[in-house]
Amino acid sequence: MSLFRCPVCGAPLERESGAYRCPNRHSYDLAREGYTYLLPPNQKHSAAPGDDKEMSAARRAFLSKDYYRPLRDALCALAVSHTSQAPSILDAGCGEGYYTAGIFQALRDAGKEPKMAGTDISKFILRAAAKRSPDIEFAVASSYHLPLADGAVELLLDCFSPLALEEFRRVLSPGGTFLYVVPAADHLWQLKEVLYDHPYPNEEKETPYEGFAYETIVPVDADITLPCGEDIQNLFRMTPYCWKTPKSGVERLAQLTELTVRTAFRIHVFRKL
């Protein structure tokens with residue numbers, strides 16, 4: 001049985017050849033790449049929500065070179081230490097599945113039997129995720145209307161994606177773990193110095209959330225060197241700065257052929273009460 005539930009009636013979905021189906025005869029086709037579409041029309045805010053083709057391609061190309069491997073490795077270690085022998089896991093806002101696939105493999109390597117799903121609002125980016133990991137379920141869906149049952153997962157990951165706390169509380173089982181990844185104050189600072197005349201640090205704070213208990217905050221810091229303009233541009237295109245950078249900053253960045261930049265993440269670890 002699938003981790004996913006029917007977005008129309010809430011009944012369990014079963015994955016069959018070419019489609020997901022529920023007992024009430026609602027059916028959701030599987031795309032050629034292996035993902036399905038569980039985003040009802042009334043939850044869409046545009047014709048093609050989420051990352052577009054260009055942003056999806058940039059993320060895939062950048063992450064495939066393992067520049068963010070320290071973050072992936074830290075998430076894998078936390079997943080292994082915070083799950084049971086046969087855990088159910090959700091990566092909400094999973095993107096191209098870089099962290100999803102890493103966690104799934106780490107759990108298998110630890111001798112566990114994970115059941116894992118990833119959701120994202122962009123169909124373009126899920127094509128890459130589903131191709132990467134055919135043993136993981138992927139669906140186009142909103143984090144604010146997750147197509148999963150109450151208490152369905154033991155571990156939930158949100159890496160740079162919308163914080164849908166009400167839904168996260170609903171789908172996490174009691175005692176389950178929530179991993180919330182955010183940028184630290186100086187994340188990509190050298191990139192911002194090129195793009196903006198007066199860059200400012202990201203806000204760092206420790207915020208308690210109703211229904212969750214703080215366990216710890218895990219820092220993940222590393223300097224990376226991007227050796228070519230292509231990698232620099234791919235990093236830029238996968239950040240929010242791509243949409244709000246003045247022309248002068250874009251032009252300065254385009255002239256660079258190498259950039260050493262600080263990556264700084266904070267993994268906030270919560271336990272559901």
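No experiment lies behind these values; they were computed from the predicted model shown.

### Overview of the packing of helix α1 (residues 53-63) against helix α4 (residues 123-132)
Following both chains from N to C, one finds α1 and α4 inclined at 30 degrees, their axes separated by 8 Å at the closest point. Of the possible angle classes, the one that applies to α1 and α4 is roughly parallel. Judged by the sense of rotation from one axis to the other, the crossing of α1 with α4 is right-handed. For the pair α1 and α4, the contacting residues are Lys53, Ser56, Arg59 and Arg60 in the first and Phe124, Ile125, Arg127 and Ala128 in the second. Of the residues that constitute the contact of α1 with α4, the class distribution is three nonpolar, one polar and four charged.

### As for the pattern of salt bridges
Counted by the stated rule, this structure contains 16 salt bridges. Across the salt bridge formed by Arg237 and Glu54, the nearest N and O atoms sit 3.1 Å from each other. Of the two residues, Arg237 is situated in helix α7 (residues 229-237) and Glu54 in helix α1; the sequence distance between them amounts to 183 residues. Judged by its relative accessible area of 26%, Arg237 falls in the partly exposed class. Arg170 serves as the salt-bridge partner of Glu167, at 2.7 Å between the closest nitrogen and oxygen. Of the two residues, Glu167 and Arg170 both sit in helix α5 (residues 165-171), three residues apart, roughly one turn of that helix. Its relative accessible area of 12% is what places Glu167 among the buried residues. A relative accessible area of 25% places Arg170 in the partly exposed class.

### Section: the sheet that holds strand β3 (residues 27-29)
Sheet architecture is open: three strands sit in the order β1-β2-β3, paired in antiparallel fashion. Of all strands in the sheet, those with a lone pairing partner are β1 (14-16) and β3, marking the two edges. Going from strand to strand, the sheet's axes swing by 25 degrees on average, the running direction of each strand aside. Summarising the sheet, strand β2 (residues 19-21) and β3 pair through three bridges and their orientation is antiparallel. Paired with Tyr20 across the two strands is Tyr28, which belongs to β3.

### A few points about α4
Residues of α4 that are buried include every one of Phe124, Ile125, Leu126, Ala128, Ala129 and Ala130, and no others. Looking at the buried positions of α4, the neighbouring elements they touch are α1, β6 (115-120) and β7 (137-140). The N-cap residue of α4 is Ser122: its side-chain oxygen and the backbone nitrogen of Phe124 are 3.3 Å apart.

### Some words on the nonpolar core
By size, the foremost hydrophobic cluster in this structure holds 51 residues, and its most contacted members are Tyr68 and Ile267. When neighbours within four sequence positions are excluded, Ile267 is seen to be in contact with Leu71, Ala74, Leu75, Leu78, Leu179, Tyr180, Val181, Thr216, Ile217, Val218 and Val220. Within the second largest apolar cluster, 31 residues are counted, among which are Ala11, Leu30, Val153 and Phe212.

### Re unusual backbone geometry
A positive phi angle, close to 65 degrees, is found at Asp66, a residue other than glycine. Residue position: Asp66 is located in the loop between α1 and α2 (69-81). We note that Leu188 has phi near 60 degrees; this positive angle belongs to a residue other than glycine. Relative to the elements of secondary structure, Leu188 occurs in the loop between β9 (172-183) and α6 (189-195). Given the relative accessible area of 2%, Leu188 is considered buried.

### Topic: the sheet that holds strand β11 (residues 259-272)
As summarised here, the arrangement of the eight strands in space is β4-β7-β6-β5-β8-β9-β11-β10, forming an open sheet in which the pairing is mixed. The outermost strands of the open sheet, each flanked by one partner alone, are β4 (36-37) and β10 (212-226). Here β6 runs beside β7; their pairing, made up of four bridges, is parallel. Residue pairing in the sheet places Ala117 in a bridge with Glu137 of β7. In this fold α2 packs onto β8 (153-159), β9, β10 and β11, with an angle of close to 15 degrees to the strand it touches most, β11.

### Some details on the packing of aromatic side chains
This model, assessed by the stated rule, comprises 14 aromatic pairs. Between Phe62 and Tyr68, the ring centres sit 5.3 Å apart and the planes meet at 80 degrees, which makes this aromatic pair edge-to-face. We note that Phe62, like Tyr68, is buried. Between Tyr98 and Tyr99, the ring centres sit 5.1 Å apart and the planes meet at 80 degrees, which makes this aromatic pair edge-to-face. For Tyr99, a relative accessible area of 7% puts it in the buried group. Each member of the aromatic cluster is reached from another via a ring pair, and the members are Phe168, Phe178, Tyr180, Tyr209, Phe212, Tyr214 and Phe270.

Each value, and the rule that gives it
- Residues numbered from 1 in each chain as written.
- Predicted model: local features only at pLDDT ≥ 70, side-chain atom pairs only at ≥ 80, totals over all residues.
- Heavy atoms only, no water.
- Axes fitted to C-alpha atoms, helices over the stretch in contact; angles between N-to-C directions.
- Helix = DSSP H or I, 4+ residues; strand = E, 2+ residues; numbered from the N terminus.
- Parallel < 35°, antiparallel > 145°, perpendicular 65-115°, else oblique.
- Left-handed = near helix turned anticlockwise from the far one by under 90°.
- Contact = heavy atoms within 4.5 Å.
- Nonpolar A, V, L, I, M, F, W, Y, C, P; charged D, E, K, R; others polar.
- Salt bridge = Lys/Arg side-chain N within 4 Å of Asp/Glu carboxyl O.
- Buried < 20%, exposed > 50% of the residue type's maximum accessible area, 1.4 Å probe, protein only.
- Pairing = 2+ DSSP bridges.
- Polar contact = N/O pair within 3.5 Å; in protein donor to acceptor, adjacent residues only side chain to side chain.
- Core = buried A, V, L, I, M, F, W, Y, C linked by side-chain atoms within 4.5 Å.
- Phe/Tyr/Trp six-rings, centres within 6.5 Å; stacked < 30°, edge-to-face > 60°.

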